[in-house]
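Topology and contacts: notes
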Amino acid sequence: MRPQLVQRTLLSLVLGLLFLSTAATGKCSGKYHELLQQLQSQADLMQDTSTLLDPYIHFQGLDQAGLKEHCKESPGAFPSEDTLRGLSQRGFLRTLNATLGHVLHRLTALQQDLTIAQDQGRNIRGFRSNIHCMSQLLRGSSEVETAEPTQPGPEATLPPTPSSDTFQHKLQGCRFLRGYHRFMHSAGQVFKEWADSRSQSRSRRHRPPRALQRGARRMRPFRRDERLMPRGQLPR
Amino acid sequence: MSFAQTFSFGESRDSVSRFGTTSCPARPHRPPRSLGCPLGPAGWPAGAAARTGARCPAGRVFGFHFSFPGLAHFLSHRTAPGRGVQGPHLSRVPPAFPVDPKEANSCGSRRAKRAQRDGKLQKSSALCPPPRLSRNSRPWARAPQLIHSPGAGPALHVHTRVRGGLAPAAAAPPKSRPGSRSPLPAGKPEPMALFAVFQTSFLLALLSLRAYQSEVLVEPLPLTPESLNVSIDSAHQYLNLQWSVHSLAYYQELKMLFQIQISRMKTSNVIWVGNYSTVVKRDPVLHWSWKSELPLECATHFVRMRSRVDDAKIPEPRFWSNWSSWKEADAQKSLGRDPLFLFPKDKLVEEGSNVTICYMSRNQQDNISCYLEGQQIHGEQLDSNVSAFKLNKVSFIRKTGTNIFCKVDQKDVIKGIVLFVSKVLEEPKDFSCETQDFKTLTCTWDPGTDTSLPKRSSQSYTLFESFSGKKILCEHKNSCNWQVDSDSQEMYNFTLVAENALGNRSVSVLFSLTHRVHPKTPYNLFLKNVSGTKATVTWKVHPIGNYSTLLCQLDLLGEGNVIQQHNVSIKENGEYLLSELEPDTEYMARVRCADANHFWKWSGSISQKFITAEAAPSEALDVWRNVKSVSGRPTVTLFWKPLSKLHANGKILSYNVTVENLDRLSGLEVHSVPATANGTELTLDQDSYQIHVTALNSAGPSPASVIVVSGDPGNEEVEEERVNGTEDGFSVSWKPQSGKAIGYVVEWCDHPQDLPCDLQWKNLSSNTTSTVISSGAFRPGVRYNFRIYEISTERMAYLLEKKAGYLKELAPSDNPQVVVSNLTSHSFTLSWKDYSTDSQPGFIQGYYVYLRSKAEKECHPGFKKATLPDKSACCQHRIDNPEQKTFVMENLQPESVYEFLVTPYTSAGSGPLDAFTKVTTPDEYSHILIRIILPMIVCVLLIMITCYLKSQWMKEKCYPDIPDPYKSNVLSLIKSKENPHLTIMNVSDCVPDAIEVIHKPEGSKIQFLGASKSLTETEFTKPAYLYLLPAEKNYSGPGPCICFENLTYNEAAADSGSCGHFPVTPEALPGQPGPLTSPENLLKALEKNYMNSLGETAAGEASLNYVSQLASQMSGDKDSLPANPPEPVLCSEYKMQMAIPLGLASPPPAENSGLSSTTPLDQSEHYR
């Protein structure tokens, strides 16, 4: 337990520093690459089950044979990876932001049971801040993009309130956290694809990323068929 | 939390076997009531009625259909109803009668019929006891009972009704209903009628009297519980009962007793029976709750009740009402359609409690397995689809609760509950209250274990004061502040109640406020006027009231220990003079106070450190000296021990050493030694000197320490004695000599093997003749030398005695280096004179000499057999004198190997027995041989040296060089004058065919080399000649023949001068052996050894003969030639000599002799 605690503490510290960098500046970075890399790193760290799920399972006494297998993600609780891939960049960010908002709400309830949920709440807020910045960055290049509905987040699919049955509440919390980590893993994969597509685009054109020099206002808008493929003025 | 009702419980057989006892706590909103709780085996068909005394007749009592044959019968059963409810507890007699009303009625009917038939009083029996008459069954009974009479027979039906409330026990005379029959039997004669009239009159009189006394209306009231409603509180697992009774006509309130039955699954399965006593008022809607151990959701429960007046205002006997109808409480109806349910949900229990869990399955075919914290548990099946588990003494596992879940096998269905187990709420410990200012009382306690759980608060604490009736909720878990309103209240009785969701614990304390004064910590503690031995302490305290006096305790601490303690009574300011302090010492002054009148607690302490001023050292130094002679001058080394802190009285700055010559008048010599030194060295002369040593600090010098030394060391030749060491040290004693000693000094070294040896000394008074020297530096196996000095009145030290000893003697660790000497064939000497006995780990008491030999099995005289650690045997000789360091081994065998070992021994043992040394005794005659051979070798060497030095001379005398014939002058003479055909041939021109050695005796007899005939048999009177014969087989005529004549070795030949040529034919060589008969073999044999130059000799010049004599290297003695005929021996050397015609031979010049062996016959060949 002690190494696990240390690991979690270090992880929280790293995440905190990452988020602190964003929060400390108070304004969004105009560098797409940095922002994307930071989002990717944050998603990678937040998908780690040792940050939330594992402590929760241990704290609630669910680490027993016969119970673990019932701690599975509830179908439809979080958008699937395919769903996220099918979204445009801005749609993806909106969905991500909305989902994490609901996760924050749910973590507030979990804070009574799990103290480290409070730390994770701060991390999610920092992550959402970066999502906001990325949205700002993309907004300058997607003014003509048609509005895309946000994918239903956990609000629509998750049980609205925890059951009065404490046992069911425990299981639901476990399933919710597992879904959350899976969702962050999917989000990280999407961000990775963003980065891959950008590097491919840059290698194809063999020219310096002008957008990095001109800023977000010169970015070209995305189209529906350009999903996850930032082109034009987008920094590469 | 207090329970509102107290029950005594009965247990059904089911409940006993499954769930144990049941409890019936009151609902919180109900005031406490006391009620008796007669109980029966709930599970029995007869139910509790039989156990409660409501036996078969009782059932009939409720039916009120009993016969009334006479007063005697009535009186005989007057007390019978009392057996029904005799007290709060139920007698546990077996049920004698079923409760079944039918059975009861039938029993009553039978009795009535028998009464009718027999016309006499019925007797009680085991199965059908006589009907008990309750008070309201009698004409004067006015108890509010519902009475009806389903049975037949002469029964008196008395209906009472309470008007305007229940009247106290009095009741109006009963009215006979119009249709009622007379209780008297008909058809009796007149005397009987007269008796009947009398009896009736008597009864009427009694009834009137009763009515007068009770003043109650006559009509009975139906008090059976009505409108019974049962609901389920799933959260707390309560069955909530609500019912009402009819309005009370004659009483504002009436105490009633309700008997309640609870069945499970079916009405006949009564699991609990209990009584509930309460006071019914005008609006008699009553509530009562029952807590179920088995979760209510898992089984349908049924409830019914009956009532009875239990008020003293109503005289006995009192009768139970009829049972109400069964009311069903079924929680399963409200459950959903889930296939599996598990109850109770989120139950909170205290650690150590017993908990019953049940599950309910919708499908009986499902195979369900349940787990408690991952471990499967097995329960008891209550129904086809209901099973229950009993968990005994549950323990706390985690704050988030104990997980219990059930799964339907082969299905993804899981249901579970969380059992929250709280720590046991402990009674607050160490509860006490005190005040610091008579304004606030602070109560503190130890709360014990925290019983909080997630979403459930921890225990709360309430402080209640009984005299004032005030109560406050404490904000902290371990303390609470109570405001003292005025001075009027002196006594306080506090009750602290700790309460959580499961219960409460309380503790009380009663005290007087003035006895609980805990003063505040003093302040402003100062030290003033601090000198070397005194200091003044001042402090202040917070005043307590106007007349309170505080007792303050002043502690003086030094090095953490309390040195002085003083008590001072003060009002507000304290002051005390501390004395008897040590100079230059750090102290701490500490003050605390308490109420002087009623001690309760000390206040907190305040302390202050201070250091007293320095003073001159109070003690003289302990000085000792060591006198030694350096370069002929006595050198005195002074040692002193640093003053202890107690005597230094400050920091020592330096030491002063003053030297005064006692023999001559001279000035004082003063030396200042730094404070870091513990001694100094002085170089003096042979005079006596008095030395003063003082220590100085900032306050002044210490008293002087005086010592007198002299250049004369005195008598050092004192015999050393031994002293035994013990665990405590060395006990040293001595004998006074002069009797004028002013003291003694024992001197030793803590580390005698080191330099410096860390000299130590101990001063002893003059009347002391022994002491124990102990030191932490003493080690076993180290020899310590003690010298005892006597200090004379002149302060001169004289050596008295010497002691040496070991704290503990050890066995020697090393053996001496032994030298072997005087080795003979029969003895040798061992010596180890370099072995020092003084530096050994024990007193050497002697030596063991071990000897072993493979040749000798028996030990020599003086030796005895011993066994070595390696189990080998040897001979041991013991030397008891440690100073004997030589030993002679005698009686040894020549040419034998002996092994010896010399090891010392002490009282602790001997040295190591490992390294034996081998010695081999020499041969018995070897010394004789040495005496002969050695001179011989010397002589030979001398001869050889001489020969070497005189080699030229020897050569000339013994073997002069053979002259070279080529350089002979004779050749030129032959060539030029006498024989022009003669020439000198080269050897290469001549092919040798054979070499013939010719022995030329007087008869010219020829002898061949290697002939079978022995040479010894040949007469050697003439020199031998070697002939070289031609190789051709067909050689027949006289051919060339070369004859070598050795004139040098063959004097006879030389003298005779007959080196002539004798033609030799092959036939002249009879008997020549094989190898030499072949010309090739002969050539080979001679090719390396002989010089031949046949090639240079013309074939036709047969007149010229060369004769050579064979000269062997092995024998330079020409005298031996006859005995050793010339054989063709390898490495033989032959001298070549020129042949000259007979008669012309002349000796070669001496100077050409050296050329004889090196003259080249050809450019590529050498001949020797």
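Residues numbered from 1 in each chain as written. Chains lettered and ligands numbered in written order. Predicted model: local features only at pLDDT ≥ 70, side-chain atom pairs only at ≥ 80, totals over all residues. Heavy atoms only, no water.

Here we look at the packing of aromatic side chains
Residues and elements named next belong to chain B. Taken as a whole and assessed by the stated rule, the structure comprises 43 aromatic pairs over all chains. Where Trp482 meets Phe494, the ring centres are 4.9 Å apart and the plane angle is 80°; that geometry is what we call edge-to-face. With Trp482 in strand S23 (residues 479-483) and Phe494 in strand S24 (residues 491-500), this residue pair connects regions lying twelve residues apart in the sequence. Considered together, Trp482 and Phe494 belong to a single accessibility category, that of buried residues. Between Trp748 and Phe786 the ring centres are 6.2 Å apart and the planes differ by 45°, which places this aromatic pair in the tilted class. On the criterion of sequence distance, the pair formed by Trp748 in strand S43 (residues 743-749) and Phe786 in strand S46 (residues 783-791) is long-range, its members being 38 residues apart. A single burial state applies to Trp748 and to Phe786, both of which are buried. (Phe/Tyr/Trp six-rings, centres within 6.5 Å; stacked < 30°, edge-to-face > 60°. Helix = DSSP H or I, 4+ residues; strand = E, 2+ residues; numbered from the N terminus. Buried < 20%, exposed > 50% of the residue type's maximum accessible area, 1.4 Å probe, protein only.)

Re the pairing of strand S19 (residues 429-435) of chain B
Along S19(B), five of the seven residues are buried, which leaves the element largely enclosed by surrounding structure. Count of turn residues in the S19(B)/strand S20 (residues 440-446) of chain B antiparallel hairpin: four residues, of which B:Phe438 carries a positive phi of about 60°. (Pairing = 2+ DSSP bridges.)

Observations concerning the confidence of the model for chain A
All names here are of chain A. Chain-level statistics for chain A give a pLDDT mean of 73 and a share of 62% at 70 or above. Confidence, expressed as mean pLDDT per element, reaches its minimum in chain A at helix H9 (residues 210-214) with 39 and its maximum at helix H4 (residues 81-85) with 92. Counted against residues more than four places away or in other chains, residues 143-147, with its pLDDT under 50, gives six contacts. Here residues 155-162 scores under 50 on pLDDT; set against residues more than four positions off or in separate chains, the count is twelve contacts. (pLDDT = per-residue confidence, 0-100. Contact = heavy atoms within 4.5 Å.)

Overview of the environment of B:Tyr371
Residues and elements named next belong to chain B. Structurally, the position occupied by Tyr371 is in strand S13 (residues 368-372). Distance from Tyr371 to Phe405, taken between C-alpha atoms, is 5.4 Å for residues 34 residues apart in sequence. Aside from chain neighbours lying at most four places away, what touches Tyr371 is Gln376, Ile377, Asn403, Ile404, Phe405 and Lys407. Looking at Tyr371, its side chain comes within polar contact range of the side chain of Ser369, at 3.4 Å. (Polar contact = N/O pair within 3.5 Å; in protein donor to acceptor, adjacent residues only side chain to side chain.)

Regarding the interface of chain B and chain A
Each side of the interface is counted separately: chain B has 19 residues, and chain A has 22 residues. Together chain B and chain A conceal approximately 1,500 Å² of surface at their shared face, both sides included; 50% is due to carbon and sulfur atoms. Inspection of the chain B/chain A interface yields two salt bridges. We note a salt bridge from A:Asp165 to B:Lys345, for which the minimum N-O separation is 3.1 Å. Counting the contacts that link chain B with chain A gives ten residue pairs in polar contact (both at pLDDT 80 or more). Elements with a contribution of two residues or more to the side of chain B that touches chain A: strand S17 (402-408) and strand S18 (413-422) of chain B. (Buried area = accessible area lost by both parts, 1.4 Å probe. Salt bridge = Lys/Arg side-chain N within 4 Å of Asp/Glu carboxyl O.)

A closer look at the side chain of B:Thr451
Residues and elements named next belong to chain B. Following the sequence through the fold, Thr451 ends up in the loop between S20 and strand S21 (460-465). Residue Thr451 is classed as buried on the basis of its relative accessible area, which comes to 5%. A polar contact is formed between the side chain of Thr451 and the side chain of Gln459, at a distance of 2.7 Å. Other than its neighbours up to four places away in sequence, Thr451 contacts Ser422, Lys423, Val424, Leu425, Ser458, Gln459 and Asn500.

Some words on the environment of B:Asn269
For B:Asn269, the location among the structural elements is in the loop between strand S5 (254-264) and strand S6 (270-280). Separated by 33 residues in sequence, B:Asn269 and B:Phe302 place their C-alpha atoms 9.1 Å apart.

Examining the sheet that holds strand S33 (residues 622-630) of chain B
All names here are of chain B. On the basis of which strands lie adjacent, the open sheet formed by three strands has the order S33-S34-S37 and antiparallel pairing. Each edge of the sheet is formed by a strand with only one pairing partner; in this case those strands are S33 and strand S37 (679-683). Across the sheet, the mean angle from the axis of one strand to that of its neighbour is 20°, orientation sign disregarded. Strand direction decides the pairing type here: strand S34 (residues 633-641) and S37, joined by five bridges, are antiparallel. (Axes fitted to C-alpha atoms, helices over the stretch in contact; angles between N-to-C directions.)

A short note on the state of the cysteines
All names here are of chain B. Using the criterion set out here, one finds nine disulfides over all chains in the structure. Here Cys433 is linked by a disulfide to Cys443, with a sulfur-sulfur distance of 1.9 Å. Judged by the sign of its S-S torsion, about 105°, the cystine formed by Cys433 and Cys443 is right-handed. Here Cys433 is found in strand S19, whereas its partner Cys443 is found in strand S20, with ten residues between them in sequence. Accessibility classification places Cys433 together with Cys443 in one group, the buried group. Note that Cys749 is cross-linked by a disulfide to Cys757, the S-S spacing being 2.0 Å. With respect to class, Cys749 is no different from Cys757; both count as buried. By sequence-ordered numbering of the bonded cysteines, chain A has its disulfides arranged as 1-3, 2-4. (Disulfide = S-S within 2.5 Å.)

Some points on the pattern of salt bridges
It is possible for side chains bearing opposite charge to pair when their charged atoms get close. Going through the model one piece at a time under the given rule, you end up with 27 salt bridges over all chains. Between B:Lys415 and B:Asp338 there is a salt bridge, and its shortest N-O distance comes to 2.9 Å. With B:Lys415 in strand S18 and B:Asp338 in the loop between strand S9 (327-329) and strand S10 (340-343), this residue pair connects regions lying 77 residues apart in the sequence. Residue B:Lys415 is classed as buried on the basis of its relative accessible area of 18%. A residue is classified by how much of its surface remains accessible, and B:Asp338, at 32% relative accessible area, is partly exposed. In this structure, B:Glu350 and B:Arg505 form a salt bridge, with 4.0 Å as the shortest nitrogen-oxygen distance. Residue B:Glu350 is found in strand S11 (residues 348-350), and its partner B:Arg505 is found in strand S25 (residues 503-512); the two are separated by 155 residues along the sequence. In the salt-bridge network here, residues are joined through shared partners; they are A:Glu81, A:Asp82, A:Arg85 and A:Glu193.

Topic: the sheet that holds strand S29 (residues 561-570) of chain B
All names here are of chain B. A sheet is described by the order of its strands in space; here four strands give the open sequence S29-S28-S31-S32, paired in antiparallel fashion. Looking at which strands have only one partner, the edges of the open sheet turn out to be S29 and strand S32 (606-611). Ignoring strand direction, the axes of neighbouring strands in this sheet form an average angle of 20°. Relative to S32, strand S31 (residues 586-595) runs antiparallel, the two sharing six bridges. Counterpart to Met588 in the pairing with S32 is Lys609.

Section: the pairing of strand S38 (residues 688-697) of chain B
Residue and element names in this part refer to chain B. With seven of its ten residues buried, S38 lies for the most part within the structure. As paired strands, S38 and strand S40 (residues 705-710) are joined by six bridges and run antiparallel to one another. Paired with Tyr689 across the two strands is Val709, which belongs to S40. Relative to strand S39 (residues 700-701), S38 runs antiparallel, the two sharing two bridges.

Description of the packing of helix H2 (residues 32-46) of chain A against helix H6 (residues 116-139) of chain A
All names here are of chain A. Direction vectors running N to C along H2 and H6 enclose 150°, while the axes themselves pass 10 Å from each other. One element, H2, and the other, H6, form an angle in the roughly antiparallel class. The element H2 and its partner H6 pack so that their crossing is left-handed. Between H2 and H6, the contacting residues are Tyr32, Leu35, Leu36, Gln38, Leu39, Gln42, Ala43 and Met46 on the first element and Ile124, Phe127, Asn130, Ile131, Cys133, Met134, Leu137 and Leu138 on the second. (Parallel < 35°, antiparallel > 145°, perpendicular 65-115°, else oblique. Left-handed = near helix turned anticlockwise from the far one by under 90°.)

Topic: the nonpolar core
Of all hydrophobic cores here, the largest spans 52 residues; its most connected members are A:Phe92, A:Leu96, A:Phe127, A:Met134, A:Tyr180, A:Phe191 and A:Trp194. Top element by residues in this core is helix H8 (residues 166-205) of chain A. It accounts for twelve residues. When near neighbours in sequence (up to four residues on either side) are disregarded, A:Met134 contacts A:Tyr32, A:Leu35, A:Leu36, A:Leu39, A:Leu93 and A:Trp194. Of all hydrophobic cores here, the second largest spans 42 residues; its members include B:Cys443, B:Trp482, B:Trp539 and B:Leu578. (Core = buried A, V, L, I, M, F, W, Y, C linked by side-chain atoms within 4.5 Å.)

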